[in-house]
Amino acid sequence: MPVDDHTLAQVAMSRAEYERLLAMLDREPTEVELGMVGALWSEHCGYKHTRPLFHHFPTSGPRVLTEVGAENAGAIDLGDGWCAVFKMESHNHPSAIEPYEGAATGVGGILRDIFAMGMRPVALLDSLRFGPLDDAHNRHLFAGVVAGIGGYGNCIGVPTVGGEVQMDAAYSGNPLVNAMCVGVGRVEHLLSAAARGPGNLLVLVGADTGRDGIHGATFASVELDEDSAERRPAVQVGNPFMEKLLMEACVELAEHHGDWIEGLQDLGAAGLTSSAVESANRAGTGIDIDVARVPRRELHMTPYEVMLSESQERMLVIPKREHLEDVLALFRRWELHADVIGVVTDDRMATIRDGDEVVARIPIAVLSDPPQYDLEPARPAGLDARLSVDLTAFPDLAPEAATAALRDLLGSENLASRRWIFRQYDHQVQTNTVVAPGGDAAVIWLKGTDRGVAVASDCNGRLVGLDPRVGAQIAVAEAARNVVAVGGTPVAITDCLNFGNPERPEVAYELEQSILGLADACAALGTPVVSGNASLYNETPTGAVLPTPTVGMLGIVDEVRRALTIAPKDGDTLVLVGAEVPQSADTLAGSEYLARAHRTVAGRPHIDLDREARVQNFVREAHARWLLSAAHDCADGGLAVTVAESCIAAGLGLEPPEDGPPALGPRLDAALFGEAQSRFVVAVTEHQDLEGLRRLAGEYDVPLAVIGVATGDRFRLGPLDAPIETLRDASEGGLGRILAGSAADPDVARRA
Amino acid sequence: MRAAVLVFPGTWSDGDCVYALSCVGIESRRVWHRDATPFDADELVVLPGGFSYGDYLRCGAIARFSPVMDSVRRHAEAGGLVIGICNGFQILCEAGLLPGVLMRNDSLQFRCQPTHLVAAEHQSPFTRGIARNRVLEVPISHGEGNYFADEATLDALEAAGRVAFRYCDHAGNVTPEANPNGSLRNIAGVLSEGRNVLGMMPHPERTCDPLLGGEDGNAIWLSILSAVPLGGIMGA
C-alpha cells in the first residue's frame with residue numbers, strides 16, 4: 001500500500017525518511033509500524049538534528065555516575081552513598097495550545113523521569129519564556145502556565161523552588177516551558193530503565209490509556225501555525241493525584257525491593273512505543289506486547305492509538321519473574337492498576353499484537369536508528385550589524401533620571417520580583433528548603449546529613465540571540481554563579497535546547513554555536529553535561545523563538561547550615577567582586593536597560609571564562625574562610641538592580657561607605673545598569689573580614705570595590721536616592737501590576 | 001507520648017509531621033487510611049496536609065469515608081487528642097468533627113507564604129503552653145483555606161473559646177491585611193467542643209528547625225507535651 005503525503009505528515013516523516021525506512025525493512029510498514037517509527041524518528045524522541053553535535057559536550061567527571069543518554073536522567077555522586085539525579089525537559093508546544101495542562105503535564109513528565117530511576121523527587125524548577133505581558137494572549141499563557149505548574153507540583157507534594165522567567169517579543173505565541181526535577185536517594189537504590197532478562201514480563205502501571213496526546217511527539221517536532229489549536233487532542237491532561245501514588249509506589253519499590261525488578265521506565269513522549277522500545281534497546285532484548293491487555297478508558301481504540309497514546313501517569317515495570325506477584329501486590333496496596341501487557345524477548349524485535357493478530361513486528365534496531373542530519377549552518381543576516389552597533393553613541397543616563405530608571409527596571413516584567421509567581425507554588429513541602437525562591441539558587445537539605453543540594457536554571461536568550469556561542473557560555477557561567485552565591489560548588493548541568501526549525505541555516509547556526517558555547521563553559525568550569533533535552537521547531541508564522549539553551553545547574557553545599565542568601569545583615573558592607581564599578585558602554589550589550597531605555601537589543605556580549613572561574617573560586621574560598629555574610633550574582637539589571645535586590649530582601653537601605661561613595665566613571669548607565677559578567681555583590685560583616693577579603697582578592701587577582709553599607713531605610717548609591725520601601729513596592733508589586741494591566745497592584749491595594 | 005500520623009492517598013505532609021514531632025522528642029508511627037484499628041488512648045492522632053484523593057470533588061470529602069476515620073471519631077469521642085493540619089483540617093470539617101468549611105482563598109490563587117498567628121485561647125492542650133501575646137510565624141500552603149461558618153456558629157465558637165488561632169500581623173494585631181485567604185474573623189484554627197480536636201490551616205510542622213525558617217511551630221507540640229503530665233489527656 002503506497003503511503004500518501006497526508007499520512008506521512010501525520011507522523012511528521014519526510015518522503016526521504018520513508019524511503020530510508022523501506023530500505024531498512026525491505027517491505028512496506030504496517031500502519032502501527034509507521035506510527036511507531038514516526039514517533040521514534042521524530043526530533044523529540046530521535047534527536048536527529050542535535051545528536052551529531054552532542055559529542056562536543058564534556059560528559060564525565062569524578063562525580064558523574066551515569067552515561068549520558070543511558071538512563072532517563074543524569075546521576076551525581078553526593079558523597080557518603082547519596083546521589084542526586086536531575087533533568088530538564090521542555091513542554092513548549094502543548095503549553096502554547098493549552099497552557100494549564102501543557103505546563104502541568106510537563107511537570108508530571110519530568111517527575112516520572114526522576115522517580116523512574118528510583119530516586120525521590122525533592123525539587124522542581126521551571127524555566128519559562130513568554131511574549132511581552134502587555135499582550136492579553138501572552139498574559140493568558142503566563143497565568144495558565146503558572147497555575148498549571150502550581151496545580152501539579154502543589155498537589156503531588158514536591159516543592160517548586162526555583163527557575164526563571166523572561167519575556168521577549170520573540171516568544172509571543174510560542175512560550176517556552178522547561179521543567180526541571182531533582183531527585184535524591186542512596187546510590188544502591190538507583191534503578192535502570194532496561195528491559196533485561198528474556199521471559200520477564202512487562203507490567204503497565206497507573207492510569208488507563210486514552211486517546212489523549214496521540215502524536216504528541218510529532219506535534220512537538222513541527223512548527224506552530226494557525227491550525228495548531230486544532231491539535232488540542234495532542235495535549236495531554238494531568239492527574240497529579242495518580243502520579244503521587246505512582247511516585248510513592250515506585251520509590252518504595254526502589255528503596256525496599258530493588259531486587260524484585262529488572263527495570264523501571266516512565267511513559268512519556270510517544271507513550272508505550274518509546275518506553276518499551278527504549279528499555280529493550282538499552283538491554284539488547286526485544287519486546288512482545290499485546291495491546292488487548294492494555295486497560296483503556298475509551299472504547300474502540302485501535303492498536304495504533306494504544307501504542308501512541310501519551311496518556312499521563314503511566315509506568316512500565318519489568319519485574320523479575322519470581323517477584324511478579326510481589327510487585328503486583330505492592331502497586332495494589334497503593335491502589336493502582338498493574339497489568340501484565342507483554343514479555344521481554346531475546347529476538348531484538350518489537351512485536352505488537354492485538355490478541356491473536358500481529359499488527360507490528362519490526363527490529364528494535366530500526367526503531368532506534370533515526371536518521372541523523374548534519375546541520376547546514378549559515379550566520380544569520382543582520383547578526384553582525386547588531387553585534388557591531390556602537391553603544392557609545394547612545395546618550396548617557398542623566399544623574400537626575402537615575403532613580404526613576406532604577407524604579408522602572410525593578411518593576412519591569414523581566415526584573416520584577418517573582419514573588420507573584422512563587423507564592424502560588426508550595427516551595428516548602430518535604431521541609432528541606434533551606435534557601436527559598438527569590439534569591440540566586442535554591443538550597444535543598446539532604447536530611448540526615450550536613451549537606452545540601454543547590455539548584456538554579458539560567459539562560460538569557462537575548463544574549464544568545466546576539467552571539468549564540470558567547471550567550472550560551474554566559475548561561476552556564478551565570479547558573480554556576482548562582483550556585484556559588486548560595487555557598488555551593490557547581491557540579492554538573494542538564495540542558496534544554498529550545499530553538500526554531502533546524503532545517504533553516506540561521507537556526508542551525510544558532511543551535512551549533514550554542515552547543516559549542518555550552519561545551520566551552522562546561523569544560524572551563526568543570527561542570528559536565530549529564531542529561532538533556534531538545535525542543536526544536538519553536539516557530540510561529542512570525543518567526544523563531546530566541547535561541548534558548550536553558551541550563552539547569554546542580555551544586556553541592558557541604559555545610560547546609562552555612563548556606564548564603566542574597567540578604568545582608570544590618571551594618572554589613574556590600575562589596576562588588578570581580579570588577580571595578582566604572583564600566584564601558586560595551587557592557588550595555590543585550591542589557592535590560594538598553595532594551596527599556598533605548599528600545600534596543602544590540603551589542604557584543606562578552607565573557608572571559610578563565611576570569612569567570614577565578615572569580616567563582618575566589619568567592620567559594622572567601623566563604624570557606626567565613627568572610628561572607630551574603631552573596632548575590634550581579635548580572636541581570638546590573639550593579640544597581642543587584643544591590644537593590646539584596647537591600648530589599650534584607651529590608652535595609654544603603655548608605656555610602658565611610659571613605660566615600662564609589663566613583664561611577666564616565667558612563668553612568670554602564671556603571672549602574674551594565675551587565676558585565678563574572679561579578680558578585682557580597683556582604684561582609686566585620687571590618688577585619690573586609691581586610692581578609694581584600695588580601696584574598698589580591699591572591700586571586702580579583703578586583704573589589706566597596707559599594708556601601710546596608711542599613712537604615714534609604715537606598716543611596718551615587719545619584720540613586722529612594723526610600724527602600726518604594727523600591728520594594730516597585731519590585732514586589734511589579735509583576736502583579738503588569739498582569740492586572742493596571743497601575744495598581746490589586747494585592748497591594750487590598751492590603752493598603 | 002506517641003503520635004499516629006495518618007496517610008491518605010495523596011497525603012504529603014506525613015513525613016514532615018513525623019520529622020517535626022521527632023524534633024520535640026515525640027515518636028510516631030504512620031497509619032495507612034485503610035487501617036481501622038483503634039489508637040492508644042494517649043496517642044496524638046495527626047491528620048497531615050496534602051491533597052487526599054487529589055482534592056477532587058471537594059477537599060477532604062472523599063477521605064472522610066476512609067476506614068481509619070471511624071477510629072479517629074472514636075478516639076475523639078473518648079477525649080483523645082486529634083490535630084488536623086491543612087488538608088487534615090478540611091477532612092475533620094467534612095467528617096463533622098469540627099464546625100465550618102474551608103472555601104477557596106479570596107485571592108482565587110494557591111498561597112504558600114509565611115503568616116503570623118496568635119492563640120485566641122489558652123485552655124486547650126494545643127495552646128495551653130503558648131505564652132499570651134506570643135506571635136507565632138507559621139507558613140500556609142493552600143488554595144482552599146478560607147474558613148467559613150454562619151454567624152451564629154462563629155459567635156458560639158468565640159463565646160466558647162473554641163477559636164484556637166487567628167491570623168495577625170508581626171506585632172500580633174488581628175487585621176484584615178494580615179488575613180491571607182479571606183477567613184472569617186481571621187480564623188486560622190478551631191477546636192472541638194471538648195477542646196481535644198484542633199484543626200488549623202497553617203503548617204506548624206514546617207517551622208521545626210531554624211534551618212527551615214524558624215521553630216515557632218514546635219510551640220504547639222511542646223504545649224501538648226506539657227499538657228499531658230498535668231492531668232492526662234482525658235482531664236485536659
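These numbers were taken from a predicted model, which means no experiment stands behind them. (Residues numbered from 1 in each chain as written. Chains lettered and ligands numbered in written order. Predicted model: local features only at pLDDT ≥ 70, side-chain atom pairs only at ≥ 80, totals over all residues. Heavy atoms only, no water.)

Enquirer: Please clarify how the interface of chain B and chain A should be interpreted in this entry.
Expert: The parts lose accessible area when they come together, and the size of an interface is often stated as this lost area. Contact with chain B, which involves 29 residues of that partner, is made by 33 residues of chain A. Here chain B and chain A share an interface that buries about 2,700 Å² over both sides, 55% of which is from carbon and sulfur atoms. Three residues stand out in chain B for area buried against chain A, namely Trp12, Cys112 and Leu211 of chain B, and they jointly supply 23% of the buried area on that side. Across the salt bridge formed by Asp209 of chain B and Arg561 of chain A, the nearest N and O atoms sit 3.3 Å from each other. Listed by contribution, the elements that provide at least two residues to the side of chain B that touches chain A are α1 (14-23), β6 (111-119) and β7 (135-142) of chain B. Per-element tally for the side of chain B that touches chain A: the top contributor is β6 of chain B, with 3 residues. A per-class count over the side of chain B that touches chain A returns 13 nonpolar, 8 polar and 8 charged. (Contact = heavy atoms within 4.5 Å. Buried area = accessible area lost by both parts, 1.4 Å probe. Salt bridge = Lys/Arg side-chain N within 4 Å of Asp/Glu carboxyl O. Helix = DSSP H or I, 4+ residues; strand = E, 2+ residues; numbered from the N terminus. Nonpolar A, V, L, I, M, F, W, Y, C, P; charged D, E, K, R; others polar.)

Enquirer: Teacher, can you tell me more about the nonpolar core here?
Expert: Nonpolar side chains tend toward joint burial in soluble globular proteins. Formed by 175 residues in total, the largest nonpolar core has its most connected members in Phe142 of chain A together with Leu44, Leu47, Val72, Ile83, Phe165 and Trp221 of chain B. Core analysis: the next-biggest nonpolar cluster, separate from the first, contains 47 residues, Tyr18, Leu21, Leu22 and Ile352 of chain A among them. (Core = buried A, V, L, I, M, F, W, Y, C linked by side-chain atoms within 4.5 Å. Buried < 20%, exposed > 50% of the residue type's maximum accessible area, 1.4 Å probe, protein only.)

Enquirer: Would you mind showing me how to read the environment of Glu262 of chain A here?
Expert: Residues and elements named next belong to chain A. Secondary-structure assignment places Glu262 in strand β7 (residues 261-266). Judged by relative accessible area, which is 19%, Glu262 ranks as buried. Between the C-alpha atoms of Glu262 and Ser192, which are 70 residues apart in sequence, the distance is 7.4 Å. For Glu262, the residues in contact, after removing those within four places along its chain, are Ser192, Ala194, Arg196, Asn200, Ile318, Pro319 and Lys320.

Enquirer: Would you take a moment to explain the state of the cysteines for this structure?
Expert: Here, the word disulfide means a covalent bond between the sulfur atoms of two cysteines. Counted under the stated rule, the structure contains 0 disulfides over all chains. Cys634 of chain A takes part in no disulfide bond, and the closest cysteine sulfur, belonging to Cys647 of chain A, lies 13 Å away. Note on Cys23 of chain B: no disulfide assigned, nearest cysteine sulfur contributed by Cys208 of chain B at a separation of 4.2 Å. What makes Cys23 of chain B partly exposed here is its relative accessible area of 33%. (Disulfide = S-S within 2.5 Å.)

Enquirer: What is the right way to read the pattern of salt bridges from this model?
Expert: Here the idea is simple: oppositely charged side chains can pair when their charged atoms come close. Taken as a whole and judged by the stated rule, the model has 53 salt bridges over all chains. When the shortest N-O distance is used, the salt bridge between Glu89 of chain A and Lys87 of chain A registers 3.2 Å. Using a relative accessible area of 9% as the deciding quantity, one classes Lys87 of chain A as buried. Among the ionic pairs, Glu121 of chain B bridges to Arg195 of chain B, the shortest N-O distance being 3.0 Å. Separated by 74 residues along the polypeptide, Glu121 of chain B in the loop between β6 and β7 and Arg195 of chain B in the loop between β10 (187-191) and β11 (197-200) bring together distant segments of the chain. In this structure Glu121 of chain B comes out as buried when scored by relative accessible area, which is 7%. It is possible to trace a salt-bridge network through shared partners that takes in Glu151, Asp155, Glu158, Arg166 and Arg185 of chain B.

Enquirer: How do you make sense of the sheet that holds strand β13 (residues 433-435) of chain A when you look at a structure like this?
Expert: Across a sheet, strands are paired by hydrogen bonds formed along the backbone, either parallel or antiparallel in direction. Residues and elements named next belong to chain A. With respect to topology, 6 strands assemble into an open sheet ordered β13-β14-β15-β20-β16-β17, the strand pairing being mixed. Two strands bound the open sheet, and with one partner strand each, they are β13 and β17 (529-535). Across the sheet, the mean angle from the axis of one strand to that of its neighbour is 25 degrees, orientation sign disregarded. Alignment of strand β14 (residues 442-445) against strand β15 (residues 452-458), held across 4 bridges, turns out to be antiparallel. Within the sheet, the bridge partner assigned to Val443 lies in β15 and is Ala454. (Pairing = 2+ DSSP bridges. Axes fitted to C-alpha atoms, helices over the stretch in contact; angles between N-to-C directions.)

Enquirer: Help me out: how do you make sense of the confidence of the model for chain A in this one?
Expert: Averaged over all residues, the pLDDT of chain A equals 93, while 96% of them reach at least 70. Note that pLDDT drops below 50 for residues 743-752 of chain A; the model gives that stretch 16 contacts with residues more than four away or on any other chain. (pLDDT = per-residue confidence, 0-100.)

Enquirer: In this structure, what is going on with the environment of Gly638 of chain A? I would like to understand it.
Expert: Residues and elements named next belong to chain A. Structurally, Gly638 can be placed in helix α22 (residues 638-650). Residue Gly638 is classed as buried on the basis of its relative accessible area of 0%. In this structure, the C-alpha to C-alpha distance between Gly638 and Ala670, residues 32 residues apart in sequence, is 8.1 Å. Setting aside residues up to four positions removed in sequence, Gly638 forms contacts with Leu672, Phe673, Gly674, Glu675 and Arg679.

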